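Okay, here's what each chain looks like letter by letter:
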Amino acid sequence: MSNERPFQELSENLEGSLCRPQRTKCKKRPSCSGGLDIENTPNELIQQWSPPHKKLLTSAKGKENEENIFVLARRPRKRRESSAGLCWDSLPDELLLGILSRLSLQDLLRTSRVCKRWHRLAFDESLWHSVDLVGKAQLDAELGQVLSAGALRLRCPHTCIGQPSFKSTEKLRIQHLDLSNCTVETSVLEDILLRCRHLQNLSLEGLVLSDSIIHSLAQNTEFVRLNLCGCSGFSPKSLAEMLKSCTRIEEMNVSWCDFNNLHVQAIANNIPSSVTQLNISGYRQNLTMEDVKAIVKRCPNLTNLDLSDSVLVTTDSFPVLQELSSLRHLGLSRCYQIHPASLIDFEKFLNLQTLEVFGLIQDSYLPILCKGLPHIQINTQPFSTVARPTSSSRKDRTLWGMHCRLVYKH
């Protein structure tokens, strides 16, 4: 980094002489009475009224300089320019931010150590709107810095999270957050989510939560996607209160949580009507036909419904599910009370596109069923994608289909 000053105008005006004027002998003027040719010339008046002559600023010290008169003057200084052309310090903040926005995550962090000004600019919120930390095994204070820098999108699944150590109590700007299967203390998670008020997409898959965390989630009324797959540690009451508060949810995954029948009832009786995709699989004896009817009644616009691994769901659910005119994707895998021969009844579901019935039919019977239901793709997706973020194994480094600019490379 050059230490040169910003460009300045260094040229100066020429200064006066550094020497005294030369002493010269004055010739005697001819007398007016000397002849007729100058008799009428007003020499005295001409000399009196004429402007004074400028004296040359010369060096005339000593007799040796009497014949060699020279003038002294100071030359103007040349502009000092850095060897690289422009000086970085002269660039405005807006231009530097444009340059920094082209840097990778590692280069941006190196740049922040150059000087105080660059540190301030390197952590400008406009540069940290989307961050992908997949592959970062440990996150401590760095997580607090990234979130406090104004990140809107953060992706860090399968990470061991220590203490973020926030320096202020200000609310975070984060809107899209993936903490799936992280190793994190519940108290640390409470501290993070307590600061969130603008969450739209959130994945806490596989984490141990608390009623305090669910209460914090209820403050985020702009939720669109919520993935709580495999979560535990909170009560049916707090779950019901959150669902009453978050009335804009479109995709919700509450599969395989540590729920009892009261949790399932809290979902069935309080799920917002805005939900169009729901994964409520994995509840075996806890999801009843009454719960299915309540869900269908509260969410008439469902397009994707997964009821897999619920042994109390029978063929009696087919007329109920047929009320969902927008249903495109249905999961009934391992619902063992459904007889394979009854699956042909799905020919009545004219808008249904995919049907997952893993564990209900043998591979030898699958071609026969596909022939009887030509408009439906059967057993094409063994895993549900409802409300789940983009898989961390994908190379496009996106989060719910949104690109992340700053990417951690290990």
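No experiment lies behind these values; they were computed from the predicted model shown.

Below, the discussion takes up the overall build of the protein. Counting its regular elements, the protein contains 12 helices and 16 strands. Across the 410 residues in the protein, those meeting the buried criterion constitute 41%. By sequence separation, contacts in the protein at least 24 residues apart represent 65% of the contacts at least 6 residues apart. As displayed, the protein has an accessible area near 23,900 Å², and 51% of this comes from carbon and sulfur atoms.

Our focus in this paragraph is the packing of helix α8 (residues 236-245) against helix α9 (residues 261-270). In a packed pair of helices, the relevant descriptors are the angle between the two axes and the axis-to-axis distance. Across the interface, α8 lies against α9 with an axial gap of 9 Å and an inter-helix angle of 15 degrees. Taken as axis vectors, α8 and α9 run roughly parallel relative to one another. As α8 runs across α9, the sense of the crossing is right-handed. Counted together, Pro-236, Leu-239, Ala-240, Leu-243 and Lys-244 of α8 and Leu-262, His-263, Ala-266, Ile-267 and Asn-270 of α9 form the full contact between these two elements. Tallied by class, residues from the contact of α8 with α9 come to seven nonpolar, two polar and one charged.

Our next topic: the packing of aromatic side chains. As enumerated under the stated definition, the model contains five aromatic pairs in all. When the centroid spacing of 5.4 Å and the interplanar angle of 0 degrees are considered together, the rings of Phe-123 and Trp-128 count as stacked. By relative accessible area, which is 23% here, Phe-123 ends up partly exposed. Between Phe-318 and Phe-346, the aromatic rings sit 4.6 Å apart at their centres with planes inclined by 50 degrees, giving tilted as the arrangement. Of this pair, Phe-318 sits in helix α11 (residues 317-321) while Phe-346 sits in the loop between β11 (329-331) and β12 (354-356), and the two are 28 residues apart along the sequence. For the pair shown, Phe-318 and Phe-346 are each scored as buried.

The next subject is the sheet that holds strand β7 (residues 225-227). Two pairing modes exist for strands in a sheet, parallel and antiparallel, and in both the strands are linked by backbone hydrogen bonds. Across the sheet, 12 strands lie side by side as β13-β12-β11-β10-β9-β8-β7-β6-β5-β3-β1-β16; this open sheet has parallel pairing. Of all the strands in the sheet, the pair left with one neighbour each is β13 (377-378) and β16 (406-407).

Before going further, it helps to examine the packing of α9 against helix α10 (residues 289-298). Contact pair α9 / α10: the axes reach a minimum separation of 7 Å and the direction vectors enclose 25 degrees. Between α9 and α10, the angle falls in the class roughly parallel. By crossing handedness, the relation of α9 to α10 is classed as left-handed. Counting all contacts with α9, which are made through Val-264, Gln-265, Ala-268, Asn-269 and Asn-270, the residues of α10 involved are Asp-291, Ala-294, Ile-295 and Arg-298. Residue composition of the contact of α9 with α10, grouped by class: four nonpolar, three polar and two charged.

Turning to the side chain of Glu-356, a few remarks are in order. By the secondary structure assignment, Glu-356 is in strand β12. Side-chain polar atoms of Glu-356 contact the backbone nitrogen of Gln-381, separated by 3.2 Å.

On to unusual backbone geometry. Phi is mostly negative for residues that are not glycine, and the peptide bonds are mostly trans. Of note, the phi angle at His-158 is positive, near 55 degrees, even though the residue is not glycine. Looking at the secondary structure, you find His-158 in the loop between β3 (153-155) and β4 (160-161). Non-glycine residue Ala-387 carries a positive phi angle of around 65 degrees. Within the secondary structure layout, Ala-387 lies in the loop between β13 and β14 (398-399).

With that out of the way, let us pick up helix α7 (residues 211-218). Within the span of α7, buried status applies to Ile-213, Ile-214, Ser-216, Leu-217 and Ala-218. At its buried positions, α7 is contacted by α6 (186-193), β6 (201-203) and α8.

A few words on a nonpolar patch on the surface. A surface patch of nonpolar side chains, amounting to about 260 Å² of accessible area, comprises Trp-88, Leu-95 and Ile-99. Along the chain, Ile-99 turns up in helix α2 (residues 93-100). A relative accessible area of 32% places Ile-99 in the partly exposed class.

Okay, α8 next. Buried within α8 are the following residues: Ser-238, Leu-239, Ala-240, Met-242 and Leu-243. Considering only its buried residues, α8 is in contact with α7, β7, β8 (251-253) and α9.

Turning next to the environment of Phe-358. Structurally, Phe-358 can be placed in the loop between β12 and α12 (366-372). Separated by 21 residues in sequence, Phe-358 and Asn-379 have C-alpha atoms that sit 6.4 Å apart. Apart from residues lying up to four places away in sequence, Phe-358 is in contact with Ser-333, Arg-334, Asn-379, Thr-380, Gln-381 and Pro-382.

We now examine the nonpolar core. Membership of the largest hydrophobic core comes to 99 residues, with the highest contact counts inside it found for Leu-204 and Phe-346. Once residues within four sequence positions are removed from consideration, Leu-204 is found in contact with Leu-179, Leu-189, Leu-193, Leu-209, Leu-217, Asn-227, Leu-228 and Cys-231.

This model, assessed by the stated rule, comprises 10 salt bridges. One salt bridge in this structure joins Asp-93 and Arg-117, with 2.8 Å as the shortest N-O distance. Pair noted here: Asp-93 is in helix α2 and Arg-117 is in helix α4 (residues 116-122), with a separation of 24 residues, a long-range link. In this structure, the salt-bridge partner of Asp-309 is Arg-334, at a minimum N-O distance of 2.7 Å. Here the residue Asp-309 occupies a position in the loop between β10 (304-306) and α11, and Arg-334 occupies one in the loop between β11 and β12, the gap between them amounting to 25 residues. Under the relative-accessibility criterion, Asp-309 is labelled buried at 4%. Arg-334 sits in the partly exposed class, given a relative accessible area of 31%. Each of the salt bridges in this network shares a partner with another, and the network as a whole consists of Asp-93, Arg-117 and Arg-120.

What counts and how
Residues numbered from 1 in each chain as written. Predicted model: local features only at pLDDT ≥ 70, side-chain atom pairs only at ≥ 80, totals over all residues. Heavy atoms only, no water. Helix = DSSP H or I, 4+ residues; strand = E, 2+ residues; numbered from the N terminus. Buried < 20%, exposed > 50% of the residue type's maximum accessible area, 1.4 Å probe, protein only. Contact = heavy atoms within 4.5 Å. Areas by Shrake-Rupley, 256 points an atom, 1.4 Å probe, with all protein chains shown as cover. Axes fitted to C-alpha atoms, helices over the stretch in contact; angles between N-to-C directions. Parallel < 35°, antiparallel > 145°, perpendicular 65-115°, else oblique. Left-handed = near helix turned anticlockwise from the far one by under 90°. Nonpolar A, V, L, I, M, F, W, Y, C, P; charged D, E, K, R; others polar. Phe/Tyr/Trp six-rings, centres within 6.5 Å; stacked < 30°, edge-to-face > 60°. Pairing = 2+ DSSP bridges. Polar contact = N/O pair within 3.5 Å; in protein donor to acceptor, adjacent residues only side chain to side chain. Patch = residues over 30% accessible without salt bridge, like charges linked within 9 Å, V, L, I, M, F, W, Y side chains within 5 Å. Salt bridge = Lys/Arg side-chain N within 4 Å of Asp/Glu carboxyl O. Core = buried A, V, L, I, M, F, W, Y, C linked by side-chain atoms within 4.5 Å.

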